[in-house]
Amino acid sequence: MNDQIPVKNVTPVKVHKPKSAEQGKRRSARSRIYVRAVQGPLETFRRFFGLFFIVLFAGIPWIQYDGHQAILLDIVNQRFTIFHLTLWPQDLTVLAYIFIVSAFALFFVTTFAGRVWCGFMCPQTTWVYMYNLVEEKIEGPRNKRMKLDGRPMDADKFIRKFLKHSIWIIIATLTALSFVGYFTPIGSLFVDFFTFNTSFWATFSVLFFAGCTYGNAGYMREIMCTHICPYARFQSAMFDKDTFTVSYDAKRGESRGPRPRKLSHEQVKEKGLGDCIDCNLCVQVCPTGIDIRNGLQYECINCGACVDACNGVMDKMSYPKGLISFTSEERLEGGTTHIVRPKLVGYFVVLLVMMGLLIANIATRVPLEVDIIRDRNSLYRETNTGDIENVYTIKVLNKSQSTNTYVITVSGLADHSFIGDSVVTVEGGNLSTTPISVATSPDNLEDSVTDIAFTVTTTTENGEVITVSESTKFLYK
Ligand code: SF4
Ligand code: SF4
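The sections below set out a description of the structure shown in this document. (Residues numbered from 1 in each chain as written. Chains lettered and ligands numbered in written order. Predicted model: local features only at pLDDT ≥ 70, side-chain atom pairs only at ≥ 80, totals over all residues. Heavy atoms only, no water.)

## Comments concerning the environment of Ser325
What counts, and what does not: Numbering goes from the N terminus for both helices and strands, where a helix is a DSSP run of H or I of at least four residues and a strand is a run of E of at least two. Throughout, a residue-residue contact means that at least one pair of heavy atoms, one from each residue, lies within 4.5 Å.
Considering the arrangement of structural elements, one finds Ser325 in strand β7 (residues 324–327). Sequence-distant contacts of Ser325, that is, excluding residues within four places in its chain, are made with Thr245, Val246, Ser247 and Val307.

## Digging into the side chain of Ser437
Formally: Residue exposure (1.4 Å probe, protein chains only): buried if accessible area is under 20% of the type maximum, exposed if over 50%, otherwise partly exposed.
Along the chain, Ser437 turns up in strand β14 (residues 431–440). Among the residues examined, Ser437 registers a relative accessible area of 13% and is labelled buried. If sequence neighbours within four positions are ignored, Ser437 has contacts with Glu389, Asn390, Val391, Ser417, Phe418 and Ile419.

## Side note on the packing of aromatic side chains
What counts here: Working definition: a ring pair exists when centres of Phe, Tyr or Trp rings (six-membered ring for Trp) sit within 6.5 Å. Plane angles under 30 degrees give stacked, over 60 give edge-to-face, the rest tilted.
Considering all chains together, one arrives at 29 aromatic pairs under this definition. With a centroid separation of 6.3 Å and an interplanar angle of 55°, the aromatic rings of Phe104 and Tyr347 are classed as tilted. Linking Phe104 in helix α2 (residues 92–113) with Tyr347 in helix α16 (residues 342–363), this pair joins segments that are 243 residues apart in sequence. For Tyr347, a relative accessible area of 18% puts it in the buried group. When the centroid spacing of 5.1 Å and the interplanar angle of 70° are considered together, the rings of Tyr392 and Phe454 count as edge-to-face. One end of the pair, Tyr392, is in strand β10 (residues 388–398); the other, Phe454, is in strand β15 (residues 449–459), and 62 residues separate them in sequence. Each member of the pair, Tyr392 as well as Phe454, carries the same accessibility label: buried. Members of the aromatic cluster, each reached through a chain of ring pairs, are Phe179, Phe183, Phe200, Trp201, Phe204, Phe208 and Phe209.

## Thoughts on helix α7 (residues 186–194)
Residues separated by three or four positions in an α-helix point in the same direction, a consequence of the helix having 3.6 residues per turn. Defined as follows: The reported arc concerns the directions from the helix axis to the C-beta atoms and nothing else.
Those residues of α7 lying buried are Ile186, Leu189, Phe190 and Phe193. Looking straight down α7, one finds that the buried residues subtend no more than 95° of arc, so they occupy a single side. Looking at the buried side of α7, the elements it contacts are β2 (68–69), α6 (155–180) and α8 (200–220).

## Comments concerning the site of ligand 1
Put simply, the rule reads: Consider each residue's heavy atoms; a residue with any of them within 4 Å of a molecule or strand counts as near. Under the scheme applied, nonpolar residues are Ala, Val, Leu, Ile, Met, Phe, Trp, Tyr, Cys and Pro; charged residues are Asp, Glu, Lys and Arg; polar residues are all the others, including Gly.
By nearness alone, every residue bordering ligand 1 is listed as Tyr248, Cys276, Ile277, Asp278, Cys279, Asn280, Cys282, Arg293, Cys310, Met314, Leu323 and Ile324. Among the residues making up the shell around ligand 1, the classes are represented as nine nonpolar, one polar and two charged.

## Remarks on the site of ligand 2
Taken together, 13 residues lie around ligand 2, and Cys286, Cys300, Cys303, Gly304 and Cys306 are the ones closest in. Considering only residue class, the shell around ligand 2 consists of 10 nonpolar, three polar and no charged.

## Points about the pairing of strand β16 (residues 465–475)
The cut-off we apply is this: What makes two strands pair is DSSP finding at least two bridges between them.
Summarising the sheet, β15 and β16 pair through 11 bridges and their orientation is antiparallel. Counted as the bridge partner of Thr450 is Phe474 from β16. Hairpin remark: β15 followed by β16, antiparallel, with five residues in the connecting loop; positive phi at Gly463, about 85°.

## A closer look at the nonpolar core
The criterion, for reference: We define a nonpolar core as any set of buried Ala, Val, Leu, Ile, Met, Phe, Trp, Tyr and Cys residues linked to one another through side-chain atoms lying within 4.5 Å.
Ranked by internal contacts, the top residues of the largest apolar core, which has 39 residues, are Ile292, Cys306, Val313 and Ile324. If you tally residues by element for this core, the top one is helix α14 (residues 305–317), at eight residues. In terms of nonpolar packing, the next biggest core, distinct from the first, is built from 25 residues, Tyr131, Leu177, Phe190 and Val206 among them.

## Some details on the sheet that holds β16
This is how the line gets drawn: What counts as an axis is a line fitted to C-alpha atoms, over the stretch in contact for a helix, and the angles between N-to-C directions run from 0 to 180 degrees.
Taken in spatial order, the four strands line up as β13-β11-β15-β16 in an open sheet, and their pairing is antiparallel. Unpaired on one side and paired on the other, β13 (423–426) and β16 mark the two borders of the sheet. Strand after strand, the sheet turns through a mean of 25° between neighbouring axes, direction not considered.

## Looking at the pattern of salt bridges
The criterion, for reference: The working definition used for a salt bridge is a side-chain nitrogen of Lys or Arg within 4 Å of a carboxyl oxygen of Asp or Glu.
Scanning all chains against the criterion turns up 24 salt bridges. A salt bridge links Lys164 to Glu135; the nearest nitrogen and oxygen atoms lie 2.9 Å apart. You can see Lys164 sitting in helix α6 and its partner Glu135 sitting in helix α4 (residues 123–139), a full 29 residues away along the chain. Across the pair, Glu135 and Lys164 agree in class, each one buried. Where Arg252 meets Asp275, a salt bridge forms, and the shortest distance between an N and an O atom there is 2.6 Å. With Arg252 in helix α11 (residues 250–253) and Asp275 in the loop between α12 (265–270) and α13 (281–284), the pair connects residues that are 23 residues apart, well separated along the chain.

## Points about the environment of Ile452
Checked against the element boundaries, Ile452 lands in strand β15. When the C-alpha positions of Ile452 and Glu470 are compared, they lie 8.6 Å apart, and in sequence the two are 18 residues distant. For Ile452, the contacting residues outside a window of four places in its chain are Tyr392, Val410, Ser411, Gly412, Leu413, Glu470, Ser471, Thr472, Lys473 and Phe474.

## Considering the environment of Thr467
Among the structural elements, Thr467 can be located in strand β16. It is 14 Å that separates the C-alpha atoms of Thr467 and Ser400, two residues lying 67 residues apart in sequence. With near-sequence residues (within four places) excluded, Thr467 lies in contact with Thr455, Val456 and Thr457.

## Digging into the packing of α4 against helix α5 (residues 142–150)
Defined as follows: The cut-offs work like this: below 35 degrees is roughly parallel, past 145 is roughly antiparallel, 65 to 115 is roughly perpendicular, and the gaps in between are oblique.
The geometry of α4 relative to α5 is characterised by a closest axis approach of 9 Å and an angle of 75° between their N-to-C directions. Classified by the angle between their axes, α4 and α5 sit roughly perpendicular to one another. Residues Glu135, Glu136 and Glu139 of α4 form the contact with α5, whose own contacting residues are Lys144, Arg145 and Leu148. In terms of residue class, the contact of α4 with α5 is made up of one nonpolar, no polar and five charged.

## A few points about a nonpolar patch on the surface
Rules: What goes into a patch is any residue over 30% in relative accessible area without a salt bridge, connected to like charges within 9 Å or, for nonpolar side chains (Val, Leu, Ile, Met, Phe, Trp, Tyr), within 5 Å. Accessible areas in this description were obtained via Shrake-Rupley with a 1.4 Å probe; residue shielding takes into account the shown protein chains only.
The grouping of Phe112, Ile339, Val340, Val345, Val349, Val353 and Leu357 at the surface amounts to a nonpolar patch, some 560 Å² of accessible area in total. Looking at the nonpolar patch, the element that brings in the most residues is α16, giving four residues. By secondary structure assignment, the location of Ile339 is in the loop between α15 (329–332) and α16.

Have a look at this one:
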């Protein structure tokens, strides 16, 4: 019986050359990484989480709410619809709060558990994983893929490559259609795209994002994570000694090296060997091609593939699991991880405050905006009857999703007359512009400038009365 675990050293063709601890060098030029498939609880979790994320991403634009697309970020008309909420450029504060909340959520999670966003939730990781899966199904496992790429083109290779790229292109196109469907009605987008009736910009957007998906997930892969994504660069600013990251327990693992499988754990220790059998599996499964045994590296996306791979090896060797694990530097040094610590608490408190402000902002948001613009051509004019008249333009923006009727009144001016529409009906998400003249006798004006206010009132579908007042000046002399 073979007394070593059945792992072959396969480096015959142009494969990535993992760094060894002894070399301590980075690769100077990129060589392709052939990721070995791995099995384990973290991998299963990522698989289901990725599937959930993909279904969510592709499904959200198809959700209908109250007769319209529930989430539609209509950039052309500068209108973002999120269920019953319609956001306009004037609602930038809401968008700013959403970004701030997202940023602090990311800071908090990164401080607590390192780059788990990258390893489990980032679209780049999810799509690369999907592309890898297609590649593996068509071209076979890692060793087969390396051999396939190393041999000259033949019919079998051509068919496999053709099939793989065709499926990649289909995935990229569907991804781009789903993505563009967040910005334009998705139902008609799909129909128009497949009947060649989309506008130039819609076609351009779909092809552009399809190209990005195909390029990123098919070719760029780990380069995006290690060289382009800025998050990889500044994440270390959030790390501390208590952050959970994927780490190799060098004290336990070294000195590494192969050994007969029949040796017990104690016998191995007596020989001065650590628990690492130097099988290189942790490197072969790493999507960014690093050797975690070299210590914390910015390329590590905390995906845990090496944890699963190494735990599998430890199982086979009947060693305790956890030679590579999600742990903190503090714990590796023999201390205790501090979960509650000032930095983490600080991020959490700011996150809660920002979420509170976001909720308050949305809850107190008035679905009506009024803007008064004075006529700039003349300060005032005298009518035939001797009254003083000022001209205004009233803009009423209906920020709700239903058609509403608005009543416009003026206050602050005694015995005035009002020329123009005092009642306007505005469709949901539309703007009405109404010219209005206000006139009064000069006897009613004590000053050359009188403060007045326009009040716009409406009753919504559910009986709620909304009133917005805007101040302006009435000028004379
Ligand atoms: S998988 Fe585990 S045992 Fe194998 S080389 Fe990596 S750390 Fe060592
Ligand atoms: S070192 Fe491990 S956790 Fe980090 S990217 Fe590679 S496989 Fe994932």
